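# Structure at a glance
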Amino acid sequence: QVQLVESGGGLVQAGDSLSLSCAASGRTASINGMGWFRQAPGKEREFVSAATWGGSTRYAESVKGRFTISRDNAKNTLYLQMNSLKPEDTGVYYCAAGRYISALTYHASRVYEYWGQGTQVTVSS
């Protein structure tokens, strides 16, 4: 099992920056990729960004150029740096990890086996 704990959410104004962290523990050696998803009120959970241990990173079109995903292997921590935030970025952000993440499946929530509890990000206009 892998446990994921997100932190760093909060309330910011449009144009501000925010950084999210996701600390992984447990059998982290078994996973080969991690990602961020978000869910706005009344909407389905959507893909935001992902990183595979093979070195690939992916972003949703809506955040490309504004968000940056990175990880610290020594700390087993995944980060999401969010710049130029917009009100439409508001939602609960979830960290996820999986053992079989590939370049073809990184965007699909169903391939992620482990999920954090989520952290709220609210961007005011």
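First, a word on scope: everything that follows refers to the structure included in this document. Once a new chain begins, its residue numbering starts again from 1 and follows that chain's sequence as written. Per-residue local features are limited, in this predicted model, to residues with pLDDT of at least 70; the limit for side-chain atom pairs, both in listing and counting, is 80 or more; totals at the level of whole chains, interfaces and linings are taken over all residues. Where side-chain values are given, they derive from all heavy atoms of the structure, hydrogens and water being excluded.

### Things to note about the pairing of strand β9 (residues 91-98)
Here β9 lies mainly inside the structure; seven of its eight residues are buried. Relative to β9, strand β4 (residues 33-39) runs antiparallel, the two being bridged by seven bridges. For Arg38, the partnering residue across the bridge sits in β9 and is Tyr93. At least two DSSP bridges between two strands are required for those strands to pair. In this description a helix means any DSSP run of H or I spanning at least four residues, a strand means any run of E spanning at least two, and both kinds are numbered starting from the N terminus. Judged from the two bridges that link them, β9 and strand β10 (residues 114-115) form a sheet pairing that is antiparallel. Only protein chains enter the area calculation, which uses a 1.4 Å probe; residues under 20% of their type maximum are buried, those over 50% are exposed, and those in between are partly exposed.

### Considering the side chain of Arg38
If you trace the backbone, Arg38 turns up in strand β4. What makes Arg38 buried here is its relative accessible area of 6%. Polar side-chain contacts of Arg38 include one of 3.4 Å to the side chain of Ser62. For the purposes of these results, a polar contact is taken to be a pair of N or O atoms within 3.5 Å, where, inside protein, one atom must be able to donate a hydrogen and its partner to accept one; residues adjacent in sequence count only when each atom of the pair is a side-chain atom. A polar side-chain atom of Arg38 sits 2.9 Å from a polar atom in the side chain of Tyr93. Once you skip the residues sitting within four places of it in the chain, Arg38 turns out to touch Glu44, Arg45, Glu46, Val48, Ser62, Val63, Phe67, Glu88, Asp89, Val92 and Tyr93. Note on definitions: a residue-residue contact is assigned when non-hydrogen atoms from the two residues lie within 4.5 Å.

### Overview of the sheet that holds strand β1 (residues 2-7)
If you trace the four strands from one edge of the open sheet to the other, you get β1-β3-β8-β7, paired in antiparallel fashion. On the outer flanks of this sheet lie β1 and β7 (67-72), each paired with one strand and no other. Taken over all neighbouring pairs, the strand axes of this sheet differ in orientation by 15 degrees on average, direction set aside. Across six bridges, strand β3 (residues 18-26) lies against strand β8 (residues 77-82) in antiparallel orientation. Axes here refer to lines fitted to C-alpha atoms; in helices the fit is confined to the stretch in contact. Angles between the N-to-C directions go from 0 to 180 degrees.

### Digging into the side chain of Thr105
Considering the arrangement of structural elements, one finds Thr105 in the loop between β9 and β10. A polar contact is formed between the side chain of Thr105 and the backbone nitrogen of Ser102, at a distance of 3.1 Å. Those residues in contact with Thr105 that sit more than four places away from it in its chain are Tyr100 and Val111.

### Things to note about the state of the cysteines
We call a pair of cysteine sulfur atoms a disulfide when they lie within 2.5 Å. Tallied over the full model, the rule gives one disulfide. Shown here is the disulfide that connects Cys22 with Cys95, its sulfur atoms set 2.0 Å apart. Here the disulfide of Cys22 and Cys95 is left-handed, its torsion about the S-S bond being about -80 degrees. Note that Cys22 is positioned in strand β3 and Cys95 in strand β9, a separation of 73 residues in sequence.

### Description of the pairing of β7
Summarising the sheet, β7 and β8 pair through six bridges and their orientation is antiparallel. Looking at β8, one finds that Ser70 is bridged to Tyr79.

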